[in-house]
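Remarks on the overall topology
What follows is each chain in one-letter form.
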Amino acid sequence: MSQHRTSMLHRPVAQTFFRYGLPWSAAFLLLSSAGLVDTIFIGRYVGAQALAAINIVSPAFSIFFGMGVMLSVGGTVRSAHHVGRGDLQAASAVFGRTMLLILLAGLMLALLSLLFRPLLLTLLGAGGDVMRPAHQYLTTILCFSPVLPASYALSQFARVDQHPTLASLGLILSAGVNIVLDYLFIARLGWGVQGAALATGLGYSCTLLLFLCHFLSRRALLRLTLKGCGWSEILRASLNGSAESINELSVGSIILLINHLMMARFGSSGVAAFTVVSYGSWFGLTLAYGLSDTLSPLVSANHAAGLRQRTHSFLRVALLSLLALGVVMFLVFSLYPQELVRLFLPGNAAVGGLACHFIADFRWSFFFSGLNMGIACYLTGLNRSLQAAGMALGRSLVFPALFLSLFALWLEDEHIFWAIPLAEALTLLLGMGLLEALRESRAKSGRDAFFVNSRASGPWQVGISIIASCVGGSATLGMAGLAWQAGTPAFWWLGGGACGLFVLTLFLAKKVRESGAHTMPEMVDAFLGRESTASLPRPILS
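Not measured: the values here are computed from a predicted model.

Topic: the overall build of the protein
When you go through the protein residue by residue, the secondary structure sums to 26 helices and 0 strands. Burial analysis of the protein (542 residues in total) assigns 51% to the buried set. For the protein, the share of sequence-separated contacts (at least 6 apart) that also reach a separation of at least 24 residues comes to 80%. With the model as given, the accessible surface of the protein reaches about 24100 Å², and the carbon-plus-sulfur share is 69%.

Laid out in structure tokens, this is it:
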């Protein structure tokens, strides 16, 4: 237990974050490659209609996976909370009850889906030449529906169990088995979409067996037990994981909406083009999710141990990493759109041209999507389930659905994907507001909090704020009139003033902070003395 506490609570922040985050992101990358490999094999060996069928069924897959994500993320955050407090019995009980609930829920969803397959496929938008492969893929994948969320949940709990490398290797095993079986079932045996679904299910089954062997051995810290907590705690923990579940389920809903828009305007070619964009972005979005998902257990354990400064440091490291990743993905989509299209659908010029139009609009979302994931996972780690769920709902359902509906009416068909970057940008503004509200709720109340933000802002923040106040609207408007008369030299009036204030920031901001003053008269009194300014009228000093 001491080793576990040292690992999560006392090692350097960046080292700890990347020790957990890099293997987990790599594992997610390889796990997501299962879907990518399915798409490549189906596109090359079966055709565009089968490719569209997989995308049609993907919202149903999101339901199963979203249920597992909600229960597993909520359970791991709660289990990590108990680990941070040193209570392994309670952490094990959360683990055992969460796994039992996942298996029962997976079985129930599978039975309902099998009973109502025709209705479900109709609601998903399957029809015409897409209906038959969609029915085959859905039927096969439903046979493994309890296995998919259970294997993912066990990988999450393996990280809490002080085995992040094992957690990553388990997901890597699933991806490796899937890739080998995809080649065998699709390329060699010609089983089509059924072979792709069977390969996915068997890959997850291997992962499930690996994790069960670990948790049933003596090496595991967590035990599969039901004693140590009540079901009410599990339900509360599940609500805390609702942000990730909402994200998965909402993504499925948005894919469903986009599929309907594509079918209505472009037919199956539009769905295939959107599938290229969706799977083309999997690398960046998967890495972003892996890094973001690392935050939840680390933040929960450190928050429970009272190490608030470490939780803030984890957030900073994560957001910087996610921003860098977003820039890289934007450059890839900007420089190599044709190569992305040829990877999935070589020789199909009509679908490829449409996919390039979609890529040009969609690429801007990379600047915001990773940051939004990181903030949501940070809020989940702090047990701020309502804020995290609200952010996830806005990012993955409300804002995209709103902009997609509006742009479908106002813009040309090829440019409706501007809705995704705008939805991500608006979500980021919401997330920044939630973080600021969280910070303010923890700040001290009183005179310092009202006048000077509890003196929590550094000299640079204060100085730049003063510059923004002085070089504000009136000064800018005045410069516009002066520039009309004098030309570009007028810039020096505004630019010189801003530079002067910047220099004052370097030398005076710290001294003003140390004076303890709230107002200009108090600052003059602090520097010159009360006796020196007693005879001066206060309005003049103000």
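A few points about the nonpolar core
Here is a general trend for soluble globular proteins: nonpolar side chains tend to be buried in one another's company. Counting 130 residues, the largest nonpolar core has Phe-215, Met-262 and Leu-295 as its most contacted members. At 18 residues, helix α3 (residues 48-85) tops the list of elements feeding residues into this core.

Quick word on the packing of helix α17 (residues 366-381) against helix α18 (residues 385-410)
As a packed pair, α17 and α18 sit with axes 8 Å apart at the nearest point and diverge in direction by 155°. Viewed along their axes, α17 and α18 adopt a mutual orientation that is roughly antiparallel. When you trace α17 past α18, the crossing you get is left-handed. Contact residues: α17 offers Ser-369, Asn-372, Met-373, Ile-375, Ala-376, Leu-379 and Thr-380, while α18 offers Gln-387, Ala-388, Met-391 and Arg-395.

Concerning helix α7 (residues 147-160)
Compared with the 20 Å implied by 1.5 Å per residue over 14 residues, the 20 Å span of α7 between its first and last C-alpha is a close match. Counted residue by residue, α7 has 14 buried out of 14 residues, so it is predominantly covered. Two residues or fewer after α7 comes Gln-162, characterised by a positive phi angle close to 70°.

Some words on the pattern of salt bridges
Taken as a whole, this structure holds 3 salt bridges when the rule is applied. Glu-233 is paired through a salt bridge with Arg-78; the nearest N and O atoms lie 2.8 Å apart. Of the two residues, Glu-233 sits in helix α10 (residues 231-240) while Arg-78 sits in helix α3, which places them 155 residues apart along the sequence. The class for Glu-233 is buried, based on a relative accessible area of 11%. Judged by relative accessible area, which is 23%, Arg-78 ranks as partly exposed. For Asp-293, the salt bridge is made with Arg-159, and the minimal N-O distance between the two is 3.1 Å. In this pair, Asp-293 sits in helix α13 (residues 282-304) while Arg-159 sits in helix α7, placing the two residues 134 residues apart along the sequence. The pair formed by Asp-293 and Arg-159 is uniform in burial state, with each residue classed as buried.

Cut-offs used in this document
- Residues numbered from 1 in each chain as written.
- Predicted model: local features only at pLDDT ≥ 70, side-chain atom pairs only at ≥ 80, totals over all residues.
- Heavy atoms only, no water.
- Helix = DSSP H or I, 4+ residues; strand = E, 2+ residues; numbered from the N terminus.
- Buried < 20%, exposed > 50% of the residue type's maximum accessible area, 1.4 Å probe, protein only.
- Contact = heavy atoms within 4.5 Å.
- Areas by Shrake-Rupley, 256 points an atom, 1.4 Å probe, with all protein chains shown as cover.
- Core = buried A, V, L, I, M, F, W, Y, C linked by side-chain atoms within 4.5 Å.
- Axes fitted to C-alpha atoms, helices over the stretch in contact; angles between N-to-C directions.
- Parallel < 35°, antiparallel > 145°, perpendicular 65-115°, else oblique.
- Left-handed = near helix turned anticlockwise from the far one by under 90°.
- Expected span 1.5 Å × (residues − 1).
- Salt bridge = Lys/Arg side-chain N within 4 Å of Asp/Glu carboxyl O.

Everything listed is a geometric property; what it means functionally is a separate question.
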